[in-house]
Amino acid sequence: MPITSFHDIPVFQFSSLAGRPGLVHAISTRHGGVSPPPWDSLNLSHTRGDDTARVNENHRRLCAALDVPADALTNAYQVHGAQVMLIGPAQRGQRQMNTDALITAAPDTPLLLRFADCTPIILYDPAHHALGLVHAGWRGTVAGIAAAAVHAMQVSFGSRPAELLAAVGPAIGPCCYEVGDEVVEAVRQAFSNPEALLPPGRRTRRHFDLWAANGQQLQEAGVRQIETAELCTACHHDWFFSHRAAAGRCGHFGALVMLRPL
Ligand SMILES: [Zn+2]
């Protein structure tokens, strides 16, 4: 697993994004924090029953490790929708309501979204030095949130999809993501080739391939450069929080991105 440690905090990084000048990116793991089971240990969610002081300390540790200003963390109250929010200086350090994607061209403005099986997607535009960060569970995926974020970057920054670098992070994989009829129906309505995204499982129910669905949606939006982690959070719940693997009792890891001035 491509894990890099920053000051004893292990994080996952994409090879297509690592080392890019002016770009900070990390997918945190569950290691390096202070929370006890079932949030052990780097839980970044205040809404999973963990103690606030511990969650704050976990944020402080991650930000310190990445040399990111913790007081400027800009996050979202995620609602599994398809709303994209443009983050400028006025939104820096605040929590955005009812949004699952953040885009920015503002330097020193760290964006953070939280995950425990849903799909983190990073969009980086090297031509305009601009960023997008997406939280895509099944609802957001069928609602087209990854494509909506690409479109918002086109409108806000003049981004050209073919120049974007997209990265699809650790999320529950087609191996483990068994879904019910509601999801199957929604996928069939949202995608032109739904059966390929709904592989049969070991039991009678279908599985949903969140990685491929989001990759396909990005391609249809014109994105050509896509790196997919292909890491299943349920298979690798020793490294990542997985809502499914923990039967709902777990913390959240984070995807954190920030632009530094070039
Ligand atoms: Zn799996």
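Above this text you will find the structure in question.
Residues numbered from 1 in each chain as written. Predicted model: local features only at pLDDT ≥ 70, side-chain atom pairs only at ≥ 80, totals over all residues. Heavy atoms only, no water.

Enquirer: An account of the environment of D40 is requested, with residue identities and associated values reported.
Expert: Here D40 shows up in the loop between β3 (23-28) and α1 (52-66). Discounting residues that sit within four places of it in the chain, D40 has contacts with R30, S35 and F241. (Helix = DSSP H or I, 4+ residues; strand = E, 2+ residues; numbered from the N terminus. Contact = heavy atoms within 4.5 Å.)

Enquirer: Can you tell me about the coordination of the zinc ion, naming the residues and giving the values?
Expert: For the zinc ion, every protein donor is listed as C175 (SG), C176 (SG), C232 (SG) and C235 (SG), and the spread of their distances is 2.3 Å. Given four donor atoms and angles of 104 to 116° at the metal, the environment of the zinc ion is assigned as tetrahedral. Of note, the donors binding the zinc ion are all from one chain and are spaced C-C-x55-C-x2-C. Taken as a pair, C176 in the loop between β11 (165-168) and α4 (181-190) and C232 in the loop between β12 (225-228) and β13 (253-259) lie far apart in primary sequence, 56 residues in all. Taking relative accessible area as the criterion, C176 reaches 28% and is therefore assigned partly exposed. (Donors = N, O, S within 2.8 Å, 3.2 Å for Na, K, Ca; no water. Tetrahedral: all angles 85-135°; square planar, octahedral: opposite > 155°, others 65-115°. Buried < 20%, exposed > 50% of the residue type's maximum accessible area, 1.4 Å probe, protein only.)

Enquirer: Kindly report on the packing of aromatic side chains, identifying the contributing residues and their values.
Expert: For the coordinates displayed, the defined rule picks out four aromatic pairs. Seen from their ring centres, Y177 and F208 are 6.3 Å apart, and the 35° between their planes marks the pair as tilted. Of this pair, Y177 sits in the loop between β11 and α4 while F208 sits in the loop between α5 (194-197) and α6 (210-220), and the two are 31 residues apart along the sequence. A single burial state applies to Y177 and to F208, both of which are buried. A network of ring pairs unites the aromatic residues F115, F240 and F253 as a single cluster. (Phe/Tyr/Trp six-rings, centres within 6.5 Å; stacked < 30°, edge-to-face > 60°.)

Enquirer: Outline the side chain of N214, listing residues and values.
Expert: One can find N214 in helix α6. Overall, N214 belongs to the buried group, its relative accessible area being 0%. For N214, the side chain forms a polar contact with the side chain of T141, separated by 3.1 Å. Discounting residues that sit within four places of it in the chain, N214 has contacts with T119, I121, A136, T141 and A146. (Polar contact = N/O pair within 3.5 Å; in protein donor to acceptor, adjacent residues only side chain to side chain.)

Enquirer: Which residues make up the environment of V257, and what values go with them?
Expert: The topology assignment puts V257 in strand β13. Once the C-alpha coordinates of V257 and T109 are considered, the two residues, 148 residues apart in sequence, prove to be 8.5 Å apart.

Enquirer: Account for the pattern of salt bridges, naming residues and giving values.
Expert: Going through the model one piece at a time under the given rule, you end up with 11 salt bridges. Notably, a salt bridge pairs R54 with D50, separated by 2.9 Å at the nearest N-O pair. D50 sits in the buried class, given a relative accessible area of 7%. With a closest N to O distance of 2.9 Å, E57 and R61 form a salt bridge. Taken together, the residues span about one helical turn, with E57 and R61 both in helix α1 at a distance of four residues. (Salt bridge = Lys/Arg side-chain N within 4 Å of Asp/Glu carboxyl O.)

Enquirer: Account for unusual backbone geometry, naming residues and giving values.
Expert: The residue after P37, namely P38, is reached through a cis peptide bond having omega 5°. With omega at -10°, the peptide bond leading from D40 into S41 counts as cis. You can see S41 is positioned in the loop between β3 and α1. One non-glycine residue, D108, adopts positive backbone phi at about 55°. Relative to the assigned elements, D108 resides in the loop between β7 (101-104) and β8 (111-115). Owing to a relative accessible area of 29%, D108 belongs among the partly exposed residues under this scheme. The backbone of D117 shows a phi angle near 120°, a positive value even though the residue is not glycine. One can find D117 in the loop between β8 and β9 (119-125). D117 sits in the buried class, given a relative accessible area of 6%.

Enquirer: Before we move on, can you summarise the pairing of β7 with the specific residues and values?
Expert: Side chains on a regular strand alternate between the two faces of the sheet. The alternating pattern of β7 places A101 and I103 and L102 and T104 on opposite faces, both of which are buried. Relative to β7, strand β5 (residues 84-87) runs parallel, the two sharing four bridges. Looking at β7, one finds that V84 is bridged to A101. (Pairing = 2+ DSSP bridges.)

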